[in-house]
Amino acid sequence: MLTKSVKEGFIKGLETTWMLARVLIPVYFIVTFLQHTPVIDWIAIAFRPLMAFFNLPGEAAIVLVIGNLLNLYAAIGAIKALSLSYAEITIIAVMLSFSHSLLVETTITKKLGLSAIKIIAIRVGLAIFTGIIMGRVGAFI
Amino acid sequence: MIEILKEATIGCFNSVYSIAIIVVPIMIVLQILKDYEILDKITRPFEFMADLFNISKESIFPLLVGIIFGISYGAGVIIQSTKEGNVPERDLFLMTVFLATCHAIFEDTLIFVAIGANGWLLLGSRVVLAFALTYILSKKISPETVEELKKHDGAGCDEDGCGCKHLV
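Residues numbered from 1 in each chain as written. Chains lettered and ligands numbered in written order. Predicted model: local features only at pLDDT ≥ 70, side-chain atom pairs only at ≥ 80, totals over all residues.

Here we look at the overall build of chain A
Turning to step 1, where the next piece is worked out: When you go through chain A residue by residue, the secondary structure sums to 7 helices and 0 strands.
Turning to step 2, where the next piece is worked out: From first element to last, N terminus to C terminus, chain A shows the α and β order α-α-α-α-α-α-α.
Turning to step 3, where the next piece is worked out: Over its C-alpha atoms chain A spans a radius of gyration of 18 Å, topping by over 25% the 14 Å that the globule rule assigns to 141 residues.
Turning to step 4, where the next piece is worked out: By principal-axis analysis of the C-alpha atoms, chain A measures approximately 60 × 35 × 30 Å.
Turning to step 5, where the next piece is worked out: A burial count over chain A gives 43% of its 141 residues as buried.
Turning to step 6, where the next piece is worked out: Pairs at least 24 residues apart make up 69% of the contacts formed inside chain A by residues separated by at least 6 positions. (Helix = DSSP H or I, 4+ residues; strand = E, 2+ residues; numbered from the N terminus. Rg over C-alpha atoms; globule rule 2.2 N^0.38 Å. Buried ≥ 20, exposed ≤ 12 C-beta atoms within 10 Å, placed from the backbone. Contact = placed C-beta atoms within 7 Å.)

Now the structure itself:
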């Protein structure tokens, strides 16, 4: 019975990996290309004025844009490149923990049946909501 | 250009490999736990979530996989269980909302703690808001509403093959 369970589980594991791979590979290509274009910088410049809502310096926009379009590890790299305070890093971290890697993760969640717009609205909505609150109380943390 | 293509291809291989080394063992363990009827015992401490959101107990394991390992792995397990045909649409919708808000809690929290963010605040806000949002939506969408919807449009499916869209 154990051999049968292992075999069955192994096949299901490979099936699931293949399913996820088919969904993710095109998105990985898009994300890698995006990383090598100036598009991210342009978006970040457009978002700079909005950073005041979260009590963040304008340059923090690049971190949020990178985290949302690419992934958290790339965002961490961008945070290290800026000199941000402990409170500012926590504000960014809370916002990014709700909303990150949107291209990859939305493609996956769409597989579960929810529309991309709803998923992004929930995640970005929560990020903005917590960002504004954290921006107000940020001085106390 | 060739450099970028190379980078993307290598990145893809690495990602698929890292998915495989997590998903395959999860699926093997899950199968063993199911076949030997141990799964119920493990998910029992988390069954309060099933009661809270009024979802089936079978949804707890995929939810836990997503919360601990990440959204891709959780989605993988969920999709596998939908194939076996025991996940109600309402559960699927509520699980997606919960996982979109709160997943890979250890990894996502620790990478920020490593650069000096307040980890408890991160983890706390995420868990609390995921519970709150899913709870509110679970109250709005009663299992009866889903039944109603199914009656109205036959199989309860829209063009995309899933009935979740008209629930909200």
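Side note on the nonpolar core
Turning to step 1, where the next piece is worked out: One finds V63, I92 and M95 of chain A to be the most contacted residues of the largest nonpolar core, which totals 74 residues.
Turning to step 2, where the next piece is worked out: In this structure, I92 of chain A is in contact with L56, A60, V63, L64 and I79 of chain A, ignoring residues within four places of it in sequence. (Core = buried A, V, L, I, M, F, W, Y, C linked by C-beta atoms within 7 Å.)

Regarding the confidence of the model for chain B
All names here are of chain B.
Turning to step 1, where the next piece is worked out: This prediction gives chain B a mean pLDDT of 85; 86% of its residues lie at or above 70.
Turning to step 2, where the next piece is worked out: When the elements of chain B are averaged for pLDDT, helix 9 (residues 143–152) gives the smallest value, 64, and helix 8 (residues 119–140) the largest, 95.
Turning to step 3, where the next piece is worked out: pLDDT under 50 marks residues 154–168. Its contacts with residues more than four places away, or in other chains, come to 23 contacts.
Turning to step 4, where the next piece is worked out: Interface confidence in the predicted complex, given as ipTM, is 0.89; pTM for the same model is 0.85. (pLDDT = per-residue confidence, 0-100.)

Observations regarding the interface of chain B and chain A
Turning to step 1, where the next piece is worked out: Contact with chain B, which involves 47 residues of that partner, is made by 49 residues of chain A.
Turning to step 2, where the next piece is worked out: Mapped by element, the contributors of at least two residues to the side of chain B that touches chain A are helix 1 (2–35), helix 5 (71–83), helix 6 (89–101), helix 7 (105–113) and helix 8 of chain B.
Turning to step 3, where the next piece is worked out: Among the elements that take part in the side of chain B that touches chain A, helix 1 of chain B stands out by supplying 18 residues, more than any other.

Digging into the environment of M49 of chain B
All names here are of chain B.
Turning to step 1, where the next piece is worked out: Residue position: M49 is located in helix 3 (residues 47–53).
Turning to step 2, where the next piece is worked out: Between the alpha carbons of M49 and E37 there is a distance of 20 Å; along the sequence they are 12 residues apart.
Turning to step 3, where the next piece is worked out: Leave out the neighbours within four places in its chain, and M49 touches I60 and L63.

Thoughts on helix 4 (residues 60–69) of chain B
All names here are of chain B.
Turning to step 1, where the next piece is worked out: With 8 of its 10 residues buried, helix 4 lies for the most part within the structure.
Turning to step 2, where the next piece is worked out: Those residues of helix 4 not exposed but buried are I60, F61, P62, L63, V65, G66, I67 and F69.
Turning to step 3, where the next piece is worked out: Looking at the buried positions of helix 4, the neighbouring elements they touch are helix 1, helix 2 (39–43), helix 3, helix 5, helix 6 and helix 7.
Turning to step 4, where the next piece is worked out: Among the residues trailing helix 4, G70 stands out with phi positive, at a value near 135°.

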